[in-house]
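Geometric and topological summary
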Amino acid sequence: MIEIKCKHCCKNLFPNEDVTLLTSHNTNKSDIEHTGCGPNFVEHFVYMSTENVPTWIQEIIDQTSWIKGRLNCPFCNTRIGSFNLVVDTKCSCGTCIVPPIKLIQSKLDILNESNKKHYTYCQTRIAR
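We now turn to the structure provided with this report. For every chain, the first residue of the written sequence is number 1, and numbering continues from 1 along that sequence. At least 70 in pLDDT is required for a residue's local features to be given in this predicted model, at least 80 for side-chain atom pairs to be given and counted, and no such filter applies to totals for whole chains, interfaces and linings, which use all residues. Where side-chain values are given, they derive from all heavy atoms of the structure, hydrogens and water being excluded.

Overview of the pattern of salt bridges
Applicable threshold: Should a side-chain nitrogen of Lys or Arg be within 4 Å of a carboxyl oxygen of Asp or Glu, the pair is scored as a salt bridge. Each residue is placed in one exposure class: buried if its accessible area under a 1.4 Å probe, protein chains only, is under 20% of its type's maximum, exposed if it is over 50%, and partly exposed if it falls in between.
Going through the model one piece at a time under the given rule, you end up with one salt bridge. Residues Lys-5 and Glu-3 are paired through a salt bridge, measuring 3.5 Å at the closest nitrogen-oxygen approach. No difference in accessibility class separates Lys-5 from Glu-3, as the two residues are buried.

Focus: the environment of Leu-85
Our working definition: Labels follow the DSSP assignment, with helices taken as runs of H or I lasting at least four residues and strands as runs of E lasting at least two, numbered in each case from the N terminus. For this analysis, residues touch if any pair of their heavy atoms sits within 4.5 Å.
In this fold, Leu-85 is placed in the loop between strand S4 (79–84) and strand S5 (101–104). When its relative accessible area of 24% is taken as the criterion, Leu-85 is described as partly exposed. C-alpha separation for the pair Leu-85 and Ile-67, spaced 18 residues apart in sequence, amounts to 5.3 Å. Here Leu-85 is in contact with Thr-50, Ile-61, Trp-66, Ile-67 and Pro-100, once residues within four sequence places are set aside.

Describing the nonpolar core
Here is the rule: Only buried residues count toward a nonpolar core, which is a set of Ala, Val, Leu, Ile, Met, Phe, Trp, Tyr and Cys residues joined through side-chain atoms within 4.5 Å.
Judged by nonpolar contacts, the single largest core of 20 residues is most densely connected at Leu-13, Phe-14 and Ile-57. Elements with a minimum of two residues in this core: strand S1 (3–6), strand S2 (45–48), helix H1 (55–63), S4, S5 and strand S6 (108–111). Ranked by residue count, the leading element in this core is H1, at three residues. Beyond its immediate chain neighbours, meaning those up to four positions away, Phe-14 contacts Ile-4, Val-19, Met-48, Pro-54, Trp-56, Ile-57 and Leu-103.

Topic: the pairing of S1
Put simply, the rule is: The pairing criterion is simple: DSSP has to find at least two bridges between the two strands.
Side chains Glu-3 and Lys-5 of S1 all project onto a buried face; the interleaved residues Ile-4 and Cys-6 project onto the opposite face, where all are buried too. As paired elements, S1 and S6 share four bridges and run antiparallel to each other. Directly across from Cys-6, in S6, lies its bridge partner Leu-108.

Overview of a nonpolar patch on the surface
Inclusion rule: Each patch is built from residues lacking any salt bridge and having more than 30% relative accessible area; the joining distance is 9 Å for like charges and 5 Å for nonpolar side chains (Val, Leu, Ile, Met, Phe, Trp, Tyr). Reported accessibility uses the Shrake-Rupley method at a 1.4 Å probe radius. Residues are deemed covered only where the shown protein chains occlude them.
Taken together, Ile-67, Val-86 and Val-87 make up a surface patch of nonpolar side chains, about 260 Å² in accessible area. For Ile-67, the location among the structural elements is in the loop between H1 and strand S3 (68–72).

A word on the state of the cysteines
Quick note on the threshold: Any pair of cysteine sulfurs within 2.5 Å is marked as a disulfide.
The final tally for this structure, using the stated rule, is zero disulfides. Free cysteine Cys-6: the closest other cysteine sulfur is in Cys-76, separated by 3.7 Å. Residue Cys-93 stays outside any disulfide, its sulfur separated by 3.4 Å from that of Cys-91, the closest cysteine. For Cys-93, a relative accessible area of 41% gives the class partly exposed.

Quick look at the packing of aromatic side chains
Put simply, the rule is: Ring pairs are drawn from Phe, Tyr and Trp, using the six-membered ring of Trp, whenever the two centres fall within 6.5 Å, and their geometry is named by plane angle: stacked under 30 degrees, edge-to-face over 60, tilted for the rest. Look at NZ for Lys and CZ for Arg. If either is within 6 Å of the ring centre and within 35 degrees of the ring normal, a charge sits over the ring.
One pass over the structure, following the stated rule, counts two aromatic pairs. Between Phe-45 and Tyr-47, the ring centres sit 6.4 Å apart and the planes meet at 50 degrees, which makes this aromatic pair tilted. Note that Lys-102 overlies the ring of Phe-45, its terminal NZ or CZ placed 4.3 Å from the centroid.

All we've got here are geometric facts, nothing functional implied.
Quick look at the structure:
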């Protein structure tokens, strides 16, 4: 199971929800290093489809009448991503249409079972 925390406030953004992150090629992002546009491409975003969207994101999408908008952390209001359900955007290599909900990787701590022990940014930041 993946745990996704806001890097600013270190709160879990999707507690008790099974979240699937995707690459820009709409494939399951199985690990942090996996990218969609090839091995030499650095992907700055992770994506989510409109299926199985967490409740708080669904509420924001509903408020905008399914158009487009920003996603902010529900705890500290830091911008963590955006969504665009109007315009289809292509990935960097131009071969695929990216999923409509994108999260900024630099604003998140993404922890899975394999890197949870080694990824302690939030824990050391809170301890200061």
